[in-house]
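Coordinate inspection notes
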Amino acid sequence: MKRSDKHKKRKTRWWKVTLVLLVLLLVPAGVYGYSLYSGAKNTVDSKMHKEVSSIDHELTEKKRKEKESLNILLMGVDERAGDSGRSDALMVLSVDPNDNRSQIISIPRDTRTEMVGDSSQAGNLDKINHAYAFGGADMAIQTVENFLDINLDYYVQVNMEGLEEMVDAVGGITIQNDIEWYGKNNFHYKKGELTMDGKEALGYVRMRYDDPQGDLGRNERQRKVIQGIVDKGMNVGSINKIGNVMDVLGKNVSTNMDFSTMQDLMKNYSGARENLSTYQMTGTGTKINGIYYLEVPDQEVQDVREMILDFNS
């Protein structure tokens, strides 16, 4: 099977996962009127909106206004008390509004690549998820751009620790679980339909070693939890709960999109959900000085770059 064929066949309907912020913020605004619309706008513009120097704002705005294809870096960051954090999940979402298509490229967290940005670690070879710890969102963006030789237009950073608060804010979630194991506090992650509170959901996405698919399985579990939050959030029946969701988003999400940008993407780019494809980058595991890395072949990097450039042509 050709790589392109494999890529085309890996299609799914979980596009909302990547636009979780837009859905959670804009749907409640439409349901409950101006007061919540105003609250959502204030949450985004005063708490979540954070520009970065690594992205050319004027160029991105020009592309969006002309309805050109966009590349968005999605980062799930694991920030715990006393820790600067690492990007626990890295995905590049490309959206093409003209052909109504989108794709997600998942980059394994242990990928060994050059660190790029304003940091003493710049120029060193390290795990790609360490770029955030060394230089925040700016360095993560520059490192991914350098790794794939692409330009990014937006980023959305979600603190994975905030997933616990988010799940509790919507009153718990229910998902379909593919594997069975016992987690901390002996919680039974049974196979099949599984209902979880925030702490249980956080344990669900953090588990690594009991999953035979490794990072592939972990990425899928992260998507399921976020999808569960979206599904529950769209059916939240009280203004108080929606207010809690807004509060959690404000504390745990950063993006260079302001509220008007989010509205514009929903209006002019939502058709891209009609045809979503996904691809997980692969490589070979190796140990260097006792540390595990994933070496991604140059050909794999080039193939993925061409997938992304295809959306920008």
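As the structure is a computational prediction, the values presented were derived from the model and not from experiment.

1. A few points about the overall build of the chain
- Looking only at helices and strands, the chain features eleven helices and 14 strands.
- Residues counted as buried form 52% of the 313 residues belonging to the chain.
- In the chain, the share of contacts with a sequence separation of at least 24, taken over all contacts with a separation of at least 6, comes to 67%.
- Accessible surface computed for the chain: about 14,700 Å², of which carbon and sulfur atoms make up 45%.

2. What about helix H11 (residues 298–311)?
- Compared with the 20 Å implied by 1.5 Å per residue over 14 residues, the 21 Å span of H11 between its first and last C-alpha is a close match.
- Looking at H11, one finds that the buried residues are Glu300, Val301, Asp303, Val304, Met307, Ile308 and Phe311. Buried positions in H11, seen along its axis, are confined to an arc of 165° and lie on one side of it. Exposed residues on H11 whose side chains face more than 90 degrees from its buried face are Asp298 and Gln299.

3. Examining the nonpolar core
- Judged by nonpolar contacts, the single largest core of 46 residues is most densely connected at Ile173, Met196, Tyr204 and Val225.
- There are two domains that each give this core at least three residues, and those are domain 1 (55–159 + 254–312) and domain 2 (162–251).
- Each residue touching valine 225, except ones within four places of it in the same chain, is listed here: Leu163, Val167, Ile173, Met196, Ala201, Tyr204 and Val205.
- Counting 28 residues, the second largest nonpolar core, distinct from the first, contains Ile55, Ile105, Tyr132 and Val301.

4. Observations regarding unusual backbone geometry
- With a phi close to 50°, asparagine 100 is a non-glycine residue in the positive phi region.
- With respect to the helices and strands, the residue asparagine 100 is situated in the loop between strand S2 (86–96) and strand S3 (101–107).

5. Points about the confidence of the model for the chain
- Looking at the chain, the pLDDT average stands at 81 and 82% of residues meet or exceed 70.
- Across residues 1–33, confidence stays below pLDDT 50; counting only partners more than four residues off in sequence or on other chains, it has 76 contacts.

6. Quick word on the packing of helix H6 (residues 162–169) against helix H7 (residues 198–206)
- Running from N to C, H6 and H7 cross one another at 135°; their axes reach a closest spacing of 7 Å. Looking at the two axes, H6 sits oblique to H7. The hand of the H6/H7 crossing is right-handed. Seen from H6, the contacting residues are Leu163, Glu164, Val167 and Asp168; seen from H7, they are Gly198, Lys199, Ala201, Leu202 and Val205.
- The class makeup of the residues in the contact of H6 with H7 is five nonpolar, one polar and three charged.

7. Quick notes on the pattern of salt bridges
- Counted by the stated rule, this structure contains 16 salt bridges.
- The salt bridge involving lysine 251 is made with aspartate 247; its shortest N-O contact spans 3.9 Å. Separated by four residues within a single helix, lysine 251 and aspartate 247 lie in helix H9 (residues 239–252), roughly one turn from each other.
- Accessibility expressed as a relative area gives 51% for lysine 251, which makes it exposed.
- What makes aspartate 247 partly exposed here is its relative accessible area of 38%.

What counts, and where the lines are drawn
- Residues numbered from 1 in each chain as written.
- Predicted model: local features only at pLDDT ≥ 70, side-chain atom pairs only at ≥ 80, totals over all residues.
- Heavy atoms only, no water.
- Helix = DSSP H or I, 4+ residues; strand = E, 2+ residues; numbered from the N terminus.
- Buried < 20%, exposed > 50% of the residue type's maximum accessible area, 1.4 Å probe, protein only.
- Contact = heavy atoms within 4.5 Å.
- Areas by Shrake-Rupley, 256 points an atom, 1.4 Å probe, with all protein chains shown as cover.
- Expected span 1.5 Å × (residues − 1).
- Arc of directions from axis to C-beta.
- Core = buried A, V, L, I, M, F, W, Y, C linked by side-chain atoms within 4.5 Å.
- Domains from an automatic or database assignment.
- pLDDT = per-residue confidence, 0-100.
- Axes fitted to C-alpha atoms, helices over the stretch in contact; angles between N-to-C directions.
- Parallel < 35°, antiparallel > 145°, perpendicular 65-115°, else oblique.
- Left-handed = near helix turned anticlockwise from the far one by under 90°.
- Nonpolar A, V, L, I, M, F, W, Y, C, P; charged D, E, K, R; others polar.
- Salt bridge = Lys/Arg side-chain N within 4 Å of Asp/Glu carboxyl O.

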